[in-house]
Structure formats: C-alpha cells, structure tokens
Amino acid sequence: MGKQVWRVVVAGGAAAVFTAVAAAPAGAAEGGVSFTRVQVNGGKPIVIGVAKEVAAPASFRMATTEAWEYPAVFLYRGTADGGDRLWHAIETSDCIKVSKGVCDFKETMYFNPTDWHMRNSEAGAWKVGARVFFKGDGGDTDDKGLTVYVKRNSHLTVNASPEPVAKDRTISVTGKVTRANWETRKYSSYGGRLVSLQFKPSGAASYTTVKKVYANSSGDLRTTVKASRTGTWRWVYYGNSTTGPSTSSGDNVVVK
C-alpha cells in the first residue's frame, strides 16, 4: 500500500488518525450512515507550489443514527477503504444541525509541501471518499463518485525587446515556463508546452492572443512580432491534468 493515513485536526484541536474500515458502494448507507452534498474546493483543481500551504475548502452532509466522531471527506486512489491516500491535514467543523441525526460539516484540507513529502507522481486525478468513526468501535467509508485534480503549480516569465521600438520594427518576445517539483521543492523547466502570446494595446481593457508558441526542451520561449502600437505583452499557459495554469507579468513596449 502507498500512503495510508494523514494527520487530522478536528474541532477543538484534537488530533486523530484514520485507519481503514469497510467501504460501501457510492451513495450507500452502511451502518445507518449516509454522506451527501459532498463538495471539494468548489469543483476546481487544487494547485500546489513548492513552499506555500494551500487550503482547500470542502463540505458535506452526514445522516446517521449512530454515535460518531471524526467525520471527514478525503482524497484517495485505488479503493476508498485501502488505497493510496494523499497526505494532508484536515480541520472539520462541529456539527451544524439540520435535523435529528443530520449534520452539515465544513472542512478545510491543508496541503503543505514543506511538511508532507509530496511526490510528483501524486499530481493528477484523485477520487473523493467520506469517512466517519463510531464511538466505541466500527465506522463507515463511502466512495462519493467525485474526482478532484491535484496539480503542480506553474510559472511563466516574459521579456519583450527592444524598448522602446520604432513602429513596424520587429520585437523579440522571450520567456520561460517552469513548474513545481514537489520532490526537490524547486521550480524546474517544463519543456514542450504550448503557450499563448497575448497583447493588450495601451488603454485597452483586455488581452488578445496573437500567436501560440511551443517551449523548447528547456522550457524556453521565443518568438518575434511586428511593433504596430504601444502596449503590453504576456505569456499564458492553460495547464493540463497534472499542472496548473499560469500567466506571466506584462512587459510594456512603447512604439514610437
């Protein structure tokens, strides 16, 4: 088995460690427990860099007739009851009572690449499970049939020159695309990416894509464009299933 459990911070600051219990089919109620209205990070990918802690909100509803403790939703691969789990800390609210035996919960998943030894292979799709322990013994684990993507953050740089430039002369726009390496805790070259070059004329409210360029094997970007008017140039990368999107800062070029 891969990573099995994680540190869990529950309401009141107590700590608990989850262990495997029998899984039920998606949406089923085992032992008088059902989990519904499960959401993780608003359905958006969780994008993690190399140093900053990322807090991903989650929420769920639990209905049970059992005396319980430590409910939470979590991310896993394989099977909900014995697969690979993503290491992180969890903070869960107290029961927000809906009716007798029915509680809503607010949860925060904390991902800190400096605390947890994250592997680059952990980027990508994860399933969502829900789990609770009963007081005394036993518990329930459900597969909720949801997918969440956990992605490595990316960075882009830009430089447009010469500055200033005569009208209709050639501008060279360069840059570099990198992404977080969770194992080295540094950003490394991300070669072969298709990146959009965008331009916003002076006084305009938005950017327009001018062309698309592939980064070389070292992640370097380079292209040329004609200087028609003053404005700002930037690179935009839209990401993929393992890597988050990024946008460079803008480099303004005055055309005389």
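Below is a short write-up of the structure. (Residues numbered from 1 in each chain as written. Predicted model: local features only at pLDDT ≥ 70, side-chain atom pairs only at ≥ 80, totals over all residues. Heavy atoms only, no water.)

**Some details on the nonpolar core**
- In this structure, Val-40, Ile-46, Ile-48, Val-73, Leu-75, Phe-111 and Val-150 are the most contacted members of the largest nonpolar core, which totals 32 residues.
- Only strand S4 (33-40), strand S5 (46-48), strand S6 (54-64), strand S7 (68-77), strand S11 (102-111), strand S12 (124-134) and strand S13 (139-152) provide two or more residues apiece to this core.
- Among residues more than four places away in sequence, those in contact with Ile-46 are Val-40, Asn-41, Val-54, Ala-56, Leu-75, Phe-111, Val-148, Tyr-149, Val-150 and Lys-151.
- Counting residues in hydrophobic clusters, the runner-up holds 21 residues, among them Val-165, Val-225, Trp-235 and Val-253. (Core = buried A, V, L, I, M, F, W, Y, C linked by side-chain atoms within 4.5 Å. Buried < 20%, exposed > 50% of the residue type's maximum accessible area, 1.4 Å probe, protein only. Helix = DSSP H or I, 4+ residues; strand = E, 2+ residues; numbered from the N terminus. Contact = heavy atoms within 4.5 Å.)

**Points about the side chain of Asn-112**
- As for its position among the elements, Asn-112 is in the loop between S11 and S12.
- Asn-112 sits in the buried class, given a relative accessible area of 10%.
- Engagement of the side chain of Asn-112 in a polar contact is seen with the side chain of Thr-114, the distance being 2.5 Å.
- Beyond its immediate stretch of four places on either side in the chain, Asn-112 contacts Ala-51 and Glu-53. (Polar contact = N/O pair within 3.5 Å; in protein donor to acceptor, adjacent residues only side chain to side chain.)

**Details of the packing of aromatic side chains**
- Within the structure shown, the criterion is met by seven aromatic pairs.
- Measuring from ring centre to ring centre gives 5.4 Å for Trp-68 and Phe-105, while their planes differ by 85°; the resulting arrangement is edge-to-face. With Trp-68 in strand S7 and Phe-105 in strand S11, the pair connects residues that are 37 residues apart, well separated along the chain.
- By relative accessible area, Trp-68 is classed as partly exposed at 25%.
- Linked through ring pairs, Phe-35, Phe-60, Trp-68 and Phe-105 together constitute an aromatic cluster.
- Above the ring of Phe-74, the side-chain terminus of Arg-131 is found at 4.9 Å from the ring centroid. (Phe/Tyr/Trp six-rings, centres within 6.5 Å; stacked < 30°, edge-to-face > 60°. Lys NZ or Arg CZ within 6 Å of the ring centre and 35° of its normal.)

**Points about unusual backbone geometry**
- In this chain, Ser-161 is followed by Pro-162 through a cis amide linkage whose omega measures 5°.
- Here Pro-162 is to be found in the loop between strand S14 (154-161) and strand S15 (170-181).
- Here the bond from Glu-163 into Pro-164 is cis, since omega is -5°, no more than 30 degrees from zero.
- Checked against the element boundaries, Pro-164 lands in the loop between S14 and S15.
- Notably, Tyr-70 is not glycine yet its phi reads approximately 60°, a positive angle.
- Its place among the elements puts Tyr-70 in strand S7.
- With a phi angle near 60°, Arg-185 is a residue other than glycine that sits in the positive phi range.

Taken by themselves, the reported measurements are silent on function.
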